[in-house]
Amino acid sequence: MFLHIVGQNQRFRFISGIYYRSVETIHCYFIIVLKTILKLYKHLIKDLGDTVPAEIMNNRRFYPYFKV
């Protein structure tokens, strides 16, 4: 449910029709998962710093958008 809402930009009402749950239940589950991800973000998301991958830096098409 969470990935449908976040990844597909779906509304709670649409998701409630798919999973046969009420909008309030969908909202409750969404908030639970969101709070859990926010607690674990340091373990889930890795900060790469200011490094630019070589395939982007060596490509004239992409590099102007990634200048540091």
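Calculation criteria
- Residues numbered from 1 in each chain as written.
- Predicted model: local features only at pLDDT ≥ 70, side-chain atom pairs only at ≥ 80, totals over all residues.
- Heavy atoms only, no water.
- Core = buried A, V, L, I, M, F, W, Y, C linked by side-chain atoms within 4.5 Å.
- Buried < 20%, exposed > 50% of the residue type's maximum accessible area, 1.4 Å probe, protein only.
- Helix = DSSP H or I, 4+ residues; strand = E, 2+ residues; numbered from the N terminus.
- pLDDT = per-residue confidence, 0-100.
- Phe/Tyr/Trp six-rings, centres within 6.5 Å; stacked < 30°, edge-to-face > 60°.

Chemist: Got a minute to help me understand the nonpolar core in this structure?
Modeler: In this structure, Phe2, Ile5, Ile15, Ile26 and Phe30 together form the largest nonpolar core, which totals 5 residues. Of all the secondary structure elements, the ones that give two or more residues to this core are α1 (2-8) and α3 (23-39).

Chemist: Could you clarify how one ought to interpret the confidence of the model for the chain in this entry?
Modeler: Parts of the prediction with low pLDDT should not have their coordinates interpreted in detail. Averaged over every residue, the pLDDT of the chain is 81; the share at 70 or more is 90%. Looking across the chain, the model is least confident in helix α5 (residues 54-57), with a mean pLDDT of 77, and most confident in α3, with 90.

Chemist: Before we go on, may I ask you to explain the packing of aromatic side chains in this structure?
Modeler: Both the distance between ring centres and the angle between the ring planes are used here to describe each pair of aromatic rings. With the rule as written, the count across this model stands at 2 aromatic pairs. Seen from their ring centres, Phe12 and Phe30 are 5.5 Å apart, and the 65° between their planes marks the pair as edge-to-face. With Phe12 in helix α2 (residues 12-19) and Phe30 in helix α3, the pair connects residues that are 18 residues apart, well separated along the chain. With a relative accessible area of 22%, Phe12 lands in the partly exposed category. By relative accessible area, Phe30 is classed as buried at 15%. Cluster of aromatic residues (ring-pair linked, three or more members): Phe2, Phe12 and Phe30.

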